[in-house]
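# Reading the structure
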Amino acid sequence: MSADDLTAMRRSKLEAIRQAGIAYPNGWTPADAIVDLLARFGEVDAAQLETLAAKASIGGRVVAKRAFGKALFIVVRDGRAEMQAYLRQDRLGDAVYEEARRIDLGDIVGVEGLMMRTRTGELTIGAESYRLAAKCLHPLPEKWHGLTDVETRYRQRYLDLVANPEVRELIRSRSRLVQGVRSFLVERGYIEVETPILQTVAGGAAARPFRTHHNTLDMALQLRIAPELFLKRLLVGGFERVFEIGRNFRNEGISTQHNPEFTMLEFYQAWATFEDLMPMVEELVVTLAATLHESLAVEWMGHALDLSRPWARLALVDAAARAAGCEVAELRDAEAARRVASRHGVAVPPGAGPGGIATALFERLVEPGLIQPTFVTGFPTEVSPLARPSDRDPFVVDRFELYVAGREIANGFSELNDPDDQRARFEDQLKNRAAGDDEAHPMDEDYVTALEYGMAPAAGCGIGIDRLVMLLTGSASIRDVILFPLLRAERGQSGA
């Protein structure tokens with residue numbers, strides 16, 4: 001039979017249920033989680049179960065069904081586990097048993113009865129009552145093959161979760177990791193805050209924002225690309241350790257590494273430097289890895305990774321010069337740096353000076369080869385408009401990025417708290433905008449004003465939660481770790 005025919009049959013069953021009474025009842029709650037029943041009775045034999053006469057009730061989706069005349073076996077899956085239920089006509093009565101025989105795979109049901117074991121030794125609920133809670137009107141993906149079409153998996157994530165238990169476990173792992181991040185920071189004296197998503201100036205990163213409009217105020221607004229500048233306003237206000245885990249929005253391309261809507265952790269600490277945060281990031285990642293793995297050896301993107309501390313460190317300009325086969329001095333001179341970039345076929349960003357060119361060379365020639373965890377330091381001041389310049393070398397700033405398997409995981413730096421320097425940096429960014437760089441940082445007058453009131457020396461760091469989950473769960477695509485990734489609209493639809 002076709003899928004349409006099967007759906008029509010299920011709808012006819014639903015119509016019969018509607019005419020007999022309430023099709024989607026409410027008010028009954030299962031008393032037991034299946035995982036708890038497995039833990040309590042998993043080692044109890046049949047004789048002991050008969051003596052105990054332990055009652056249980058479970059609710060969930062029917063994922064298997066076998067009928068034997070006046071008896072029926074179904075397998076019920078709740079949010080964590082599966083359990084078999086044994087339904088007999090002589091126990092349920094003719095009317096209830098006939099209703100049970102019309103169960104379809106995917107239906108949501110409730111079963112109450114006594115714990116028992118079948119002749120094959122399988123832990124089972126001997127049903128004393130049964131109820132249909134919700135009808136599944138479409139056939140589920142075939143049991144043994146699951147849902148394998150990638151496009152369907154992402155577009156109908158609810159079906160992906162029903163069909164593929166490993167996806168549900170991945171999302172549980174993500175939840176544990178996010179909770180682990182919160183616990184790690186709270187234990188170190190940080191407080192969690194929430195900052196605006198709708199902003200008049202979307203700053204804190206080099207990215208294009210989504211734009212919208214507030215009708216009542218007749219005000220142009222943007223979805224935030226980062227919470228950074230608001231979190232640092234809190235440092236000005238006297239909060240010395242703050243963090244936020246929240247959604248950011250960037251109007252840019254979609255790939256296995258990028259989704260326009262993603263989750264970012266940012267944390268800021270007064271009286272700290274970027275050098276204080278690098279070992280803290282190491283400890284955070286190692287702590288999170290320990291919640292999922294028994295060792296610090298993980299597999300990701302086809303690489304065997306060792307997360308053991310300490311991690312390697314690398315200076316950006318020095319590494320770019322080595323990879324390009326030139327002197328470091330050449331990458332500090334705009335014309336010489338352009339010639340080096342031209343030799344290697346590296347496109348120069350609009351309005352870029354030597355720092356921007358050196359960074360472009362690094363991204364092309366060095367970044368893909370950073371497989372084991374590596375902190376890259378010494379980013380040029382030109383590409384770091386919010387970071388504090390190095391006291392030893394003003395061409396670079398006190399900044400690091402963490403790379404694993406050729407991908408950026410974290411970005412941190414000592415914060416620029418000189419308001420005059422910050423204003424000058426913003427003005428330089430405006431020149432880049434005028435030259436065609438639409439991702440250059442906009443001017444934020446209020447943020448400069450906040451700095452004029454004084455911000456204590458501080459350091460901050462941003463970590464992409466989605467990429468961190470990818471790393472620690474071995475996921476190849478960001479779409480695997482985001483429940484509902486943005487997709488191109490299907491033909492004939494305005495959105496997806």
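Above: the structure in question.
First things first, this report covers the structure right here in the doc. Because the structure is a prediction, the values reported are computed rather than measured.

Core analysis: the largest hydrophobic core is formed by 46 residues, its most contacted members being Leu-185, Leu-265, Phe-267, Val-281 and Ile-463. Not counting residues within four places of it along the chain, the set of residues in contact with Ile-463 comprises Thr-263, Met-264, Leu-265, Phe-267, Val-281, Leu-284, Ile-409, Ala-410 and Leu-468. In this structure, Ala-341, Ile-357, Phe-395 and Val-448 belong to the second largest nonpolar core, which totals 43 residues.

Turning next to the side chain of Arg-399. Topologically, Arg-399 is positioned in strand β16 (residues 399-404). At a separation of 2.6 Å, a polar atom in the side chain of Arg-399 contacts the side chain of Glu-401. Looking at Arg-399, its side chain comes within polar contact range of the side chain of Asn-411, at 3.0 Å. Excluding its chain neighbours within four sequence positions, the residues that come into contact with Arg-399 are Phe-274, Val-376, Thr-377, Gly-378, Phe-379, Val-383, Ser-384, Asn-411, Gly-412 and Phe-413.

Packing of helix α8 (residues 165-186) against helix α10 (residues 274-292) leaves a shortest axis separation of 10 Å and a crossing angle of 140°. In this view, α8 runs oblique relative to α10, as classed from their interaxial angle. Viewed along their axes, α8 and α10 form a crossing whose handedness is right-handed. Contacts between α8 and α10 involve Ser-173, Arg-176, Leu-177, Gly-180, Val-181, Phe-184 and Leu-185 on the former and, on the latter, Met-280, Glu-283, Leu-284, Thr-287, Leu-288, Thr-291 and Leu-292. Residue composition of the contact of α8 with α10, by class: 8 nonpolar, 4 polar and 2 charged.

The next subject is the packing of helix α12 (residues 334-343) against helix α13 (residues 354-365). The packing of two helices is summarised by the inter-axis angle and the distance between the axes. At their nearest, the axes of α12 and α13 sit 9 Å apart, and the two run at 20° to each other. Here α13 runs roughly parallel to α12, going by the angle between their axes. With respect to the hand of their crossing, α12 and α13 are arranged in left-handed fashion. For the pair formed by α12 and α13, the contact residues are Ala-334, Ala-337, Arg-338, Val-340 and Ala-341 on the first element and Pro-354, Ile-357 and Leu-361 on the second. Of the residues that constitute the contact of α12 with α13, the class distribution is 7 nonpolar, no polar and 1 charged.

Okay, a nonpolar patch on the surface next. A grouping of Met-1, Leu-6 and Met-9 is seen on the molecular surface, where their side chains present a nonpolar patch of about 300 Å² in accessible area. Considering the arrangement of structural elements, one finds Met-9 in helix α1 (residues 3-20).

In this section: the sheet that holds strand β14 (residues 312-315). A sheet is described by the order of its strands in space; here 8 strands give the open sequence β6-β10-β11-β18-β17-β16-β15-β14, paired in mixed fashion. Each having just a single partner strand, β6 (191-192) and β14 make up the two edges of the open sheet. Bridge count for strand β10 (residues 241-249) against strand β11 (residues 261-270) is 9 bridges, and the pairing is antiparallel. Paired with Val-242 across the bridge in β11 is Tyr-268. Strands β11, β14, β15 (374-377), β16, β17 (407-414) and β18 (458-464) of the sheet are contacted by α10, whose axis makes an angle of about 35° with β18.

With that out of the way, let us pick up the side chain of Arg-157. Here Arg-157 lies in helix α7 (residues 157-163). Since its relative accessible area comes to 0%, Arg-157 is described here as buried. Polar side-chain contacts of Arg-157 include one of 2.8 Å to the backbone oxygen of Ile-482.

Reading the values: the criteria
- Just so you know, the residues in each chain are numbered from 1, in the order the chain's sequence is written.
- Restriction of local features to residues with pLDDT of at least 70 applies here, the model being predicted, together with a cutoff of 80 or more for giving and counting side-chain atom pairs; totals for whole chains, interfaces and linings are based on all residues.
- Hydrogens are left out, water is left out, and the side-chain values use all remaining heavy atoms of the structure.
- The criterion is simple. A nonpolar core is a set of buried Ala, Val, Leu, Ile, Met, Phe, Trp, Tyr and Cys residues joined through side-chain atoms within 4.5 Å.
- Relative accessibility decides the category of a residue: with a 1.4 Å probe and only protein chains considered, values under 20% of the type maximum give buried, values over 50% give exposed, and everything between is partly exposed.
- Working rule for contacts: check all heavy atoms of both residues, and any pair within 4.5 Å makes them a contact.
- Note on conventions: DSSP H or I runs of at least 4 residues are helices, E runs of at least 2 residues are strands, and numbering of each starts at the N terminus.
- For the purposes of these results, a polar contact is taken to be a pair of N or O atoms within 3.5 Å, where, inside protein, one atom must be able to donate a hydrogen and its partner to accept one; residues adjacent in sequence count only when each atom of the pair is a side-chain atom.
- Every axis in this analysis is a line fitted to C-alpha atoms, fitted for helices over the stretch in contact. Angles between the N-to-C directions lie between 0 and 180 degrees.
- These descriptions rest on fixed angle ranges, namely under 35 degrees for roughly parallel, over 145 for roughly antiparallel, 65 to 115 for roughly perpendicular, and the rest for oblique.
- By definition, any crossing whose near helix is turned counterclockwise from its far helix by less than a right angle is left-handed, and any crossing with a clockwise turn is right-handed.
- Residue type decides the class: Asp, Glu, Lys and Arg count as charged, Ala, Val, Leu, Ile, Met, Phe, Trp, Tyr, Cys and Pro as nonpolar, and the leftover types, Gly among them, as polar.
- Patch membership is restricted to residues that have no salt bridge and whose relative accessible area is over 30%. Joining uses 9 Å for like charges and 5 Å for the nonpolar side chains Val, Leu, Ile, Met, Phe, Trp and Tyr.
- To be clear on the numbers: accessible area is Shrake-Rupley with a 1.4 Å probe, and residue cover counts the displayed protein chains and nothing else.
- Should a side-chain nitrogen of Lys or Arg be within 4 Å of a carboxyl oxygen of Asp or Glu, the pair is scored as a salt bridge.
- When DSSP finds at least two bridges between two strands, those strands are taken to pair.

Read these as geometric descriptors, not functional statements.
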